[in-house]
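The chain contents come next:
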Amino acid sequence: MKKHLLSALVLGLISCASWAQDDASNADLIKRGEYLARAGDCVACHTNGRQGAPFAGGLSMMTPIGAIYSTNITPDKEHGIGNYTFEEFDDAVRKGVRKDGSTLYPAMPYPSFARVTEEDMRAMYAYFMHGVKPVAQANRDVDIPWPLSMRWPLAIWRGMFAPDPQAFVAKSGADPVIERGRYLVEGLGHCGACHTPRAITMQEKALSNDESDKFLSGSSAPIDGWEATSLRGENREGLGTWNEAELSEFLKTGRNDKSVVFGGMSDVVEHSLQYLSDEDITAISRYLKSLPPQGGKQSAAPEKDDTAARLWKGDDSKTGAALYVDNCAACHRTDGAGYKKAFPMLKGNPVVQTDDPTSLIHIILTGSTTPAVKGAVSQLTMPSFGWRLDDQQVADVANFVRSSWGNKASAVTASDVAKVRKDRDTIADEKAMGSADVSKLPPQPGQ
């Protein structure tokens, strides 16, 4: 009898130890899945702003044919993905195929996610099923008129432009740090979704640098009112004048000695990049710094001119100079050098010199606030100037900074400003960021 009791006790202890190991293993898998979901910035698109429940969907995304809304990806069984098997989850993320067999809109970057390994996919599945709180929030139908709202043409698009899932394989003999960075940039980070130009049929012109040096060469059209600049080695419009340490600091904190994050990239830093390990941030930076300028042609970095000297002497005769001194110089200085980790340099700033001035116009109109993140907890705000400057005045300021301190970029017109101002998202941001209630202000000249 004692022998049987002893055997049962031993078996019980073994079973308990096994359960404990399984629990620890599952906890580690869920934790890794959470990290990977951060790397993929899933929360940014699948959460409706600061008031929305995490991963419950509902965020509006404008497309050329109307608005679509992100879906509920919490483990709620009625409205979310609680009934998805791993295979169905994998099909949605890496193939763009929903549980019902229909195709997802390519706002979901499944062409990039096709490179994610199955091991990482299983970790993310564990996190979304067991580490995310279920939210009973119904999904919202698209605001796209029929017949454009029909989904079956999306299957054709997917067949033509989306690669079949093929797990990332590091190149033999390559720097493992760069290869880790390439995996994160091409895959979970889906940087090309914003920073790679798209064809008229809306697919990215390249999904990797091996396909074309158009990869990460800058967006072909503004996204949500912002222009995504080149992440390649160009001096004027890319990262050519930044070193690896400066880029890593920017990715991790949203600021460095040269620039400060704004627009859609603020969300990426706040929700994703600040949580990545220093090793992964370094890997991303090193990979991006390995990319040469598009076409192999390097533009010259800005050279010193006499703008700062003229302004210091009180000469504001150049068009836009007086407006710059009155509205901008206190933070960005008369030499365009700004203040480190606070107010960005305008001299040599890629955003200032891009062919498409949308981002520069947008930030003058609406202002911006840097996100508070680990290692950089202060929030710094550039106020909106859209309520006090008319379209021509904004154009004059933009042209001044685009042609001063050695900067060289095409001219901005009042009609360019009016086009950006007309965008409904810009108007909303302008009102929110303005230092006065624009509805109570007298009409501004030109408005």
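Residues numbered from 1 in each chain as written. Predicted model: local features only at pLDDT ≥ 70, side-chain atom pairs only at ≥ 80, totals over all residues. Heavy atoms only, no water.

Some thoughts on the overall build of the protein chain
Going by this rule: Going along the chain from the N terminus, every DSSP run of H or I of four or more residues is numbered as a helix, and every run of E of two or more is numbered as a strand. We get accessible surface area from the Shrake-Rupley algorithm with a probe of 1.4 Å; when it comes to residues, only the shown protein chains can shield them.
Within the protein chain, the regular secondary structure consists of 19 helices and four strands. Accessible area for the protein chain stands at about 22,400 Å²; split by element, carbon and sulfur atoms hold 57% of it.

Some thoughts on the UniProt feature "binding site: heme c 3" (unreviewed entry) in the protein chain
Counted only if it meets this: UniProt positions are given in the numbering used here, feature names are shortened, and annotations may be inferred rather than shown by experiment. Residue contacts are defined here by distance: any two heavy atoms, one from each residue, within 4.5 Å place the two residues in contact. Buried means the residue's accessible area, taken with a 1.4 Å probe over protein chains only, is under 20% of the maximum for its type, while exposed means over 50%, and partly exposed covers the values in between.
Listed under "binding site: heme c 3" (unreviewed entry) in the UniProt record, and renumbered for this structure, are C328, C331 and H332. Leave out the neighbours within four places in its chain, and C331 touches G338, Y339 and F343. The residue H332 is located in helix α14 (residues 329-332) in this model. Its relative accessible area of 11% is what places H332 among the buried residues. When sequence neighbours within four positions are dropped, the list of residues in contact with H332 reads Y324, A337, G338, F343, P344 and L346.

What to know about the packing of aromatic side chains
In plain terms, the rule: When the centres of two rings from Phe, Tyr and Trp lie within 6.5 Å, Trp using its six-membered ring, the rings pair. Their planes under 30 degrees apart give stacked, over 60 give edge-to-face, and anything left gives tilted. A ring has a charge above it when a Lys NZ or an Arg CZ is no more than 6 Å from the ring centre and no more than 35 degrees off the ring normal.
Here the structure, examined in full by the defined rule, presents 14 aromatic pairs. When the centroid spacing of 6.3 Å and the interplanar angle of 80° are considered together, the rings of F55 and Y127 count as edge-to-face. With F55 in the loop between α2 (42-45) and β1 (60-63) and Y127 in helix α5 (residues 118-130), this pair connects stretches of sequence that are 72 residues apart. Aromatic side chains Y324 and F400 sit 5.2 Å apart centroid to centroid with 40° between the ring planes, which places their arrangement in the tilted category. Here Y324 is found in helix α13 (residues 321-327), whereas its partner F400 is found in helix α17 (residues 391-402), with 76 residues between them in sequence. Of the two residues examined, Y324 and F400, each falls in the buried class. Taken together through their ring pairs, the aromatic side chains of F55, F86, F89, Y125, Y127 and F128 make up a single cluster. Seen from the ring of Y84, K99 lies directly overhead, with NZ or CZ sitting 5.6 Å from the centre. Residue placement shows R333 over the ring face of Y339; its charged tip is 5.4 Å from the ring centre.

With respect to the confidence of the model for the protein chain
Test applied: Each residue carries a pLDDT score, the predictor's confidence in it, ranging from 0 to 100.
Here the protein chain shows a mean pLDDT of 88. Residues at 70 or above account for 89%. Every residue in residues 433-447 is under pLDDT 50, and counting partners more than four places away or in other chains gives 23 contacts.

A short note on unusual backbone geometry
The peptide bond linking W146 to P147 adopts the cis configuration, its omega dihedral lying at 10°. Relative to the elements of secondary structure, P147 occurs in the loop between α5 and α6 (152-161). For H190, which is not glycine, the phi torsion reads 35° and is therefore positive. Along the chain, H190 turns up in the loop between α7 (176-186) and α8 (192-195). Positive phi values are uncommon outside glycine, yet R333 reaches one of about 70°.

Remarks on the pattern of salt bridges
Formally: By definition here, a salt bridge exists when the distance from a side-chain nitrogen of Lys or Arg to a carboxyl oxygen of Asp or Glu is within 4 Å.
What the rule picks out here adds up to 26 salt bridges. Of the charged contacts, one joins R98 and D100 as a salt bridge, the two residues approaching to 3.0 Å between their closest N and O atoms. For R98, a relative accessible area of 27% puts it in the partly exposed group. R140 is paired through a salt bridge with D143; the nearest N and O atoms lie 3.6 Å apart. One salt-bridge network, held together by shared partners, links R115, E179, R182, E186 and E211.

Points about the environment of R310
Condition: Contacts described as polar in this section are N or O atom pairs within 3.5 Å, which, within protein, must combine one atom able to donate a hydrogen with one able to accept it, while residues neighboring in sequence count only if both atoms come from side chains.
Considering the arrangement of structural elements, one finds R310 in helix α12 (residues 307-312). Expressed as a C-alpha distance, the spacing of R310 and D335, which sit 25 residues apart in the sequence, is 9.8 Å. Within the structure, the side chain of R310 is placed 2.9 Å from the side chain of D306, a separation counted as a polar contact.

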